[in-house]
Amino acid sequence: MSRPLARLRVRLALVLGAAEIRLRLRLPRLMWALTRHPADRESPFAELVRIESDPAYRALFCAELDAAIADRDATRTAVVAEIEAAAEQLRGLVRPGDHERAA
């Protein structure tokens, strides 16, 4: 019984596809109005204008920027510490004692 149901689904999909094509050809404006369109983007400098013109927004933006910079610096410091620790471990593996130092 699933075979007739599958055929029905295929036929329904084909009929709907054909109907969509006919509607697009006969009523292009209506179909354009019914389809999704990407939202219009603001101008590239809209946020910059807002930062320059709105003191409250400028303060918020600068606070978020300072926090992001501090977070980036903390991350870099942590990464440098991890790299230095790994380098020390590698040095310990390469030269286990001072008397076996390579030339």
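Reading the values: the criteria
Residues numbered from 1 in each chain as written. Predicted model: local features only at pLDDT ≥ 70, side-chain atom pairs only at ≥ 80, totals over all residues. Heavy atoms only, no water. Helix = DSSP H or I, 4+ residues; strand = E, 2+ residues; numbered from the N terminus. Polar contact = N/O pair within 3.5 Å; in protein donor to acceptor, adjacent residues only side chain to side chain. pLDDT = per-residue confidence, 0-100. Salt bridge = Lys/Arg side-chain N within 4 Å of Asp/Glu carboxyl O. Buried < 20%, exposed > 50% of the residue type's maximum accessible area, 1.4 Å probe, protein only. Phe/Tyr/Trp six-rings, centres within 6.5 Å; stacked < 30°, edge-to-face > 60°. Lys NZ or Arg CZ within 6 Å of the ring centre and 35° of its normal.

### Looking at the environment of R91
Along the chain, the position of R91 falls in helix α4 (residues 55-94). Side chain to side chain, R91 and E88 meet in a polar contact 2.6 Å long.

### What about the confidence of the model for the chain?
With 90% of its residues at a pLDDT of 70 or more, the chain has an overall mean of 86. Element-level pLDDT for the chain is lowest in helix α2 (residues 28-34), with a mean of 84, against a maximum mean of 94 in α4.

### Regarding the pattern of salt bridges
Evaluated as defined, the whole model comprises 3 salt bridges. E20 is paired through a salt bridge with R24; the nearest N and O atoms lie 3.0 Å apart. Taken together, the residues span about one helical turn, with E20 and R24 both in helix α1 (residues 2-26) at a distance of 4 residues. With a relative accessible area of 39%, R24 lands in the partly exposed category. Between R91 and E88 there is a salt bridge, and its shortest N-O distance comes to 2.6 Å. Here the residue R91 and the residue E88 both occupy positions in helix α4, the gap between them amounting to 3 residues, near one helical turn.

### What to know about the packing of aromatic side chains
Taken as a whole and assessed by the stated rule, the structure comprises 0 aromatic pairs. Lying over the aromatic face of Y57, R50 brings its terminal NZ or CZ to 3.9 Å of the ring centre.

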